[in-house]
Amino acid sequence: MGNICSISISIDHLISSCWNRSTEQANYLLKLTKNLSILGTACETLRELRDDMKRKVDIAEREQMQPLSQVVGWLSRVEILESQVSQLIEDGTAEIDKKCVGDCCPTNCRSRYRLGKRVARKLKEVETLMTQAPPSDVVAESLPSPGVGERPSEATVGMDSRLDMVRRSLDEEKVGIIGLYGLGGVGKTTLLTQINNAFAKTCTLHDFDFVIWVTVSKTVNLGKIQDDIWKTIGFCNDKWKSKDGDEKARSIWRVLSQKSFLLLLDDLWERLNLPELGVPLQNKRNHKIVLTTRSEGVCAEMEADKKIKVECVTWTESWDLFRMKLGEDTLNFHSEIPRLAQAVARQCCGLPLVLTTIARAMACKKTPQEWKYAIEVLQSSASKFPEDCPINKARLIRRWICEGYLCEFEDMKRAENQGYNIIGTLIHACLLEETDVDYVVKLHDVIRDMALWIVCETVGVQDKFLVQAGCGLTEAPEVGRWMGPKRISLMDN
């Protein structure tokens, strides 16, 4: 009896399973229309849940919060499933419309069965995804407060007074943009680095929410600049990277317009459209920008409220910097070297980059002969005009015309106008210096030395210059030195 009962129960279970399976498969055919309707309703409910979640995420992101990973993942899965369901409903509607004569049977039961099975499975996926929805009360977490990243820097000399000048300018409520301009190598980037690091060391210096560093350079890349800004005020995830320039600008504007910030722009060569980047300018009290450039004209184009020329360092500061980079070991290796080192340092004309570069190059030179040779090389690099000699603008332009530099103009007046325009450009780029007399300019000593150094060291012998202007000569140089040069200047001797 026990065995008969066991067989009976097993048969009943088998029959029940087969019946349920048959009923389920039959429903794929018979309830396709109803299941499609249920699937559409369920997907609409899932979509509403998705929209609510996404709205909370958008609000959190505007408040500089980062969405939780499980929330981002769930939203992504919903988006994929929604696309699949939309396609499935479209396919199902088309299948239902295909009927035989009399509107009583499908033309293809097998395809309808497969479709019904897909609809049933997709309905379960929708229901599962709804049960897996993350809690809606916490969709994001606060980002750590943005600190000011300290930038690498070397020991400097003569920066304190410059830094104090910029600090005082930042305190002025009507000053929003500060332009730092000057010769290449004069220390503009170093000064900007000191400004940045001052905030990193002393959070109480100002109440800025953000201090942002961006290196612009000669070839402007607006997208990279926006990314650099966003790295400080947001988070560069895939969502950010997929945005175009206008969307990035709106995101940056939305954040910065509600915060106080200091934007440090290094190495500008031309006007930068700040609103196009998303940088607001309407509040000079809380929105500050400090930029560096070689050209005073760029400061004007950027509508700087204050323009500060970064001057060369004093002789005392020059010697301290040169001595620091040279090293005491080399300086004290021979009794003559300190005197010769000072002579070399004076040739650097107070430019920190030149002082640093030459000091490092001379750090391994430990004989007086090597130092004397360096002095000879530096002193021989002179311009056609004597050092610190006033240069008449009209006279300079006439020489350019004779050299053929302005030969594209047949009319002399137009050539002269172009010459004055070039002089103005050189002045704004700090390559020429203005004087107290309007029609006279001067050439900076280092620029003058650099120009002749390049000519004498890089071009062919036939194009070399022989320049000994203002050297106190009492007789002409040796005949042999006249043979190779293409241009000779012995004025003011």
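Residues numbered from 1 in each chain as written. Predicted model: local features only at pLDDT ≥ 70, side-chain atom pairs only at ≥ 80, totals over all residues. Heavy atoms only, no water.

**Q** Outline helix α2 (residues 32–62), listing residues and values.
**A** Compared with the 45 Å implied by 1.5 Å per residue over 31 residues, the 44 Å span of α2 between its first and last C-alpha is a close match. Of the residues making up α2, those classed as buried are Leu 32, Asn 35, Leu 36, Leu 39, Ala 42, Cys 43, Leu 46, Arg 50, Met 53, Val 57, Ala 60 and Glu 61. (Helix = DSSP H or I, 4+ residues; strand = E, 2+ residues; numbered from the N terminus. Expected span 1.5 Å × (residues − 1). Buried < 20%, exposed > 50% of the residue type's maximum accessible area, 1.4 Å probe, protein only.)

**Q** Lay out the environment of Ile 289 in plain terms, naming residues and giving numbers.
**A** Residue placement: Ile 289 occurs in strand β6 (residues 287–293). A relative accessible area of 1% places Ile 289 in the buried class. Expressed as a C-alpha distance, the spacing of Ile 289 and Val 175, which sit 114 residues apart in the sequence, is 9.1 Å. What Ile 289 contacts, discounting residues up to four positions off in sequence, is Gly 176, Ile 177, Ile 178, Leu 262, Leu 263, Leu 265, Leu 274, Val 279 and Leu 281. (Contact = heavy atoms within 4.5 Å.)

**Q** So what about the sheet that holds strand β9 (residues 432–434)? Which residues, and what values?
**A** Strand pairing in a sheet relies on backbone hydrogen bonds. The paired strands run either parallel or antiparallel. Ordered by their spatial adjacency, three strands build an open sheet running β8-β10-β9, and the pairing between neighbours is antiparallel. Of all the strands in the sheet, just β8 (391–392) and β9 have a single pairing partner and so form its edges. Across three bridges, β9 lies against strand β10 (residues 440–443) in antiparallel orientation. Looking at β10, one finds that Glu 434 is bridged to Val 441. (Pairing = 2+ DSSP bridges.)

**Q** Requested: an account of the confidence of the model for the protein chain, with residues and values cited.
**A** Mean pLDDT for the protein chain: 79, with 76% of residues reaching 70 or above. Averaged pLDDT values for the elements of the protein chain fall to 49 in helix α1 (residues 2–30) and rise to 96 in strand β3 (residues 177–181). This model gives residues 1–9 a pLDDT under 50, and the stretch forms zero contacts once residues within four places in sequence are excluded. Here residues 457–462 scores under 50 on pLDDT; set against residues more than four positions off or in separate chains, the count is seven contacts. (pLDDT = per-residue confidence, 0-100.)

**Q** Which residues make up the pattern of salt bridges, and what values do they have?
**A** Enumeration according to the criterion identifies 17 salt bridges in this entry. When the shortest N-O distance is used, the salt bridge between Arg 167 and Asp 164 registers 3.8 Å. Of this pair, Arg 167 and Asp 164 are both found in helix α5 (residues 160–171), three residues apart, which corresponds to roughly one turn of the helix. The network of salt bridges with common partners includes Glu 44, Arg 47, Arg 50, Asp 51 and Glu 82. (Salt bridge = Lys/Arg side-chain N within 4 Å of Asp/Glu carboxyl O.)

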